[in-house]
Amino acid sequence: MSLPSSGSGDLLVILRHPPHGSSWLREGLDVALVAAAFGQAVSLLFQDEGVLALLKEQQAGPLGQKGTAATLDMLAMYDIESLYIDAEALNRFGLHADALQLPATRVDAEAIKSLLNQHQQVLTF
Amino acid sequence: MRYGLLVMGAPYSSQATHSALRFASALLTQGHQLESVFFYHDGVYNAARHAAPPQDEPHLYDAWCALHTEHGTQLHVCIAAALRRGMLDAREAERHGKVGHSVEAPFELTGLGQLIDLGQNVDRLLTFAP
Amino acid sequence: MILHILNRPPSHSRVYRQALDAMAEHDRLLLIEDAVTGALISQVEHFQSIAGRLYVLQEDLVSRGLDSHCAEAVHIVDMEGFVRLTEEAEKTVSWY
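All of these numbers come straight from a predicted model, not from anything done at the bench. (Residues numbered from 1 in each chain as written. Chains lettered and ligands numbered in written order. Predicted model: local features only at pLDDT ≥ 70, side-chain atom pairs only at ≥ 80, totals over all residues.)

Enquirer: Tell me about the overall build of chain A, and please be specific about residues and values.
Expert: Counting secondary structure elements, chain A contains 4 helices and 5 strands. Mapped in sequence order, the helices and strands of chain A form the string β-α-β-α-β-α-β-α-β. For chain A, the C-alpha atoms occupy an extent of roughly 40 × 35 × 20 Å along the three principal directions. A fraction of 76% describes how many contacts in chain A between residues 6 or more apart in sequence connect residues 24 or more apart. (Helix = DSSP H or I, 4+ residues; strand = E, 2+ residues; numbered from the N terminus. Contact = placed C-beta atoms within 7 Å.)

Written out as structure tokens, the structure is:
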């Protein structure tokens with residue numbers, strides 16, 4: 001599957017970790033938001049367990065840790081609308097598009113390669 | 001070429017810091033510049049000024065300081081990641097009513113914007129993570 | 001051409017598969033730290049799809065006593081070689 005022509009940008013942030021089990025997701029999203037605030041064209045790729053970051057109905061953590069939902073709501077405010085999601089991982093976790101909080105373009109390995117090539121910088125979290 | 005490093009592992013706990021220091025040394029030997037190291041996630045612990053490793057082990061904190069002293073490399077520590085992990089400089093310690101502080105020059109607490117700037121200003125940005 | 005850097009071996013984590021998925025035709029992969037076990041004769045098949053484009057950091061092999069167990073087809077580089085690989089690539093991506 002090929003990317004829409006908007007599959008390019010300044011920064012691609014690849015989010016590979018799920019919510020709550022570590023701070024990687026939160027810290028990766030913070031980098032994306034700051035980059036966008038600094039005027040960069042930012043795309044997000046949710047890969048492997050990172051696809052779980054987009055699930056609807058996530059909650060705050062049991063000890064009161066902030067959940068991801070509010071941060072996801074901020075993405076549009078910061079003009080981060082190029083969201084991509086690993087199709088193979090979605091299938092592996094048995095998830096469908098309607099389970100996700102935000103719309104994201106499903107990508108396969110070929111499209112992922114293109115994403116990495118079409119962004120000036122790539123950071124993984 | 002101008003290089004930047006993003007270090008996200010705590011010293012000793014993983015090889016991230018060791019690899020970053022080895023890479024830094026090699027790039028400098030080859031005539032490149034190391035503009036800045038940005039510490040994020042558990043990498044902020046590299047700024048712990050009271051680090052006191054045994055004498056027969058590498059002194060990672062001193063190694064970072066030497067990069068600054070000898071090559072002018074800036075050492076930027078993400079303030080948000082640092083504060084929640086108890087890594088405060090004198091100013092933040094006072095602001096939060098804490099006795100003592102764990103971060104001092106040449107390490108500087110800065111915002112994530114410095115990482116974004118670094119990425120734009122260098123030719124190569126490498127991540128070393130646990 | 002991108003240089004991908006992997007520090008967790010196939011025996012530990014599936015992150016190597018995400019790295020491989022993200023690698024385009026001329027991209028290179030460098031194994032460092034614990035990922036150097038991926039260069040062992042018995043493990044290197046995990047990287048078959050990028051034969052000829054797989055590199056491993058010598059000092060991490062040596063410190064682990066693995067330098068004589070490395071598959072021949074893997075390019076062994078020292079730190080200077082690592083720096084050169086980053087010069088030759090347009091950017092690097094770390095997989096951990």
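Enquirer: Account for the overall build of chain C, with residues named and values stated.
Expert: A count of helical and extended segments in chain C gives 3 helices and 5 strands. Taking 2.2 N^0.38 as the reference for a compact globule, 96 residues should give roughly 12 Å; the C-alpha atoms of chain C span a radius of gyration of 12 Å, in line with that estimate. Counting only C-alpha atoms and orienting by the principal axes, one finds that chain C spans roughly 30 × 30 × 20 Å. Of all 96 residues assigned to chain C, the portion counted as buried reaches 45%. Contacts in chain C between residues far apart in sequence, at least 24 positions, make up 65% of those at least 6 positions apart. (Rg over C-alpha atoms; globule rule 2.2 N^0.38 Å. Buried ≥ 20, exposed ≤ 12 C-beta atoms within 10 Å, placed from the backbone.)

Enquirer: How would you summarise the interface of chain B and chain A if you had to cite specific residues and measurements?
Expert: Listed as interface residues are 10 residues of chain B and, on the opposing side, 11 residues of chain A. For the side of chain B that touches chain A, the secondary-structure elements that each account for two or more residues are α5 (113–121) and β5 (124–128) of chain B. Of all the elements, α5(B) adds the most residues to the side of chain B that touches chain A, at 4 residues. The class makeup of the residues in the side of chain B that touches chain A is 6 nonpolar, 4 polar and no charged. (Nonpolar A, V, L, I, M, F, W, Y, C, P; charged D, E, K, R; others polar.)

Enquirer: Give a description of the pairing of strand β1 (residues 9–15) of chain A that names residues and reports values.
Expert: Residue and element names in this part refer to chain A. Extensive coverage of β1 is indicated by the burial of 5 of its 7 residues. With 5 bridges joining them, β1 and strand β5 (residues 119–124) adopt parallel strand pairing. Counted as the bridge partner of G9 is H119 from β5. (Pairing = 2+ DSSP bridges.)

Enquirer: Please set out the environment of C:I32 residue by residue, giving values where relevant.
Expert: Within the element layout of this structure, C:I32 appears in the loop between β2 (28–31) and β3 (54–57). Excluding residues within four positions of it along the chain, C:I32 makes contact with B:S19, C:I5, C:N7, C:L57 and C:D60.

Enquirer: How would you explain the sheet that holds β2(C) if you had to name every residue and give the values?
Expert: Residue and element names in this part refer to chain C. Taken in spatial order, the 5 strands line up as β4-β3-β2-β1-β5 in an open sheet, and their pairing is parallel. At either margin of the open sheet sits one strand with a lone partner, and together these are β4 (75–77) and β5 (91–95). Across the sheet, the axes of successive neighbouring strands diverge by a mean angle of 25 degrees, strand direction being ignored. Of the pairings in the sheet, the one linking strand β1 (residues 2–6) to β5 comprises 5 bridges and is parallel in character. Looking at the pairing, I5 lines up with S94 of β5. (Axes fitted to C-alpha atoms, helices over the stretch in contact; angles between N-to-C directions.)

Enquirer: Hey, could you go over the sheet that holds strand β3 (residues 74–78) of chain B for me, with residue numbers and the actual values?
Expert: All names here are of chain B. The parallel open sheet is built from 5 strands, whose spatial order is β4-β3-β2-β1-β5. Each of the sheet's edge strands pairs with one partner strand only, and the pair in question is β4 (107–110) and β5. Put simply, the sheet's adjacent strands are angled 25 degrees from each other on average, direction ignored. Of the pairings in the sheet, the one linking β3 to β4 comprises 4 bridges and is parallel in character. Residue pairing for β4: V77 is matched across the bridge by L109.

Enquirer: Go over helix α1 (residues 16–29) of chain B with me, naming the residues and quoting the values.
Expert: Compared with an ideal rise of 1.5 Å per residue, which puts 14 residues at 20 Å, α1(B) spans 20 Å between its outermost C-alpha atoms and is within 8% of the ideal. Restricting attention to buried positions, one finds in α1(B) the residues B:A16, B:T17, B:S19, B:A20, B:L21, B:F23, B:A24 and B:L27. Of the surrounding elements, those touching the buried residues of α1(B) are β1 (2–7), β2 (33–39), α2 (60–71) and β5 of chain B together with α3 (79–88) of chain C. One or two positions beyond α1(B), positive phi appears at B:G31, with a value near 90 degrees. (Expected span 1.5 Å × (residues − 1).)

Enquirer: Outline the interface of chain B and chain C, listing residues and values.
Expert: Contact with chain B, which involves 13 residues of that partner, is made by 11 residues of chain C. Among the elements that line the side of chain B that touches chain C, the one with the most residues is α1(B), at 5 residues. Split into classes, the residues belonging to the side of chain B that touches chain C amount to 7 nonpolar, 4 polar and 2 charged.

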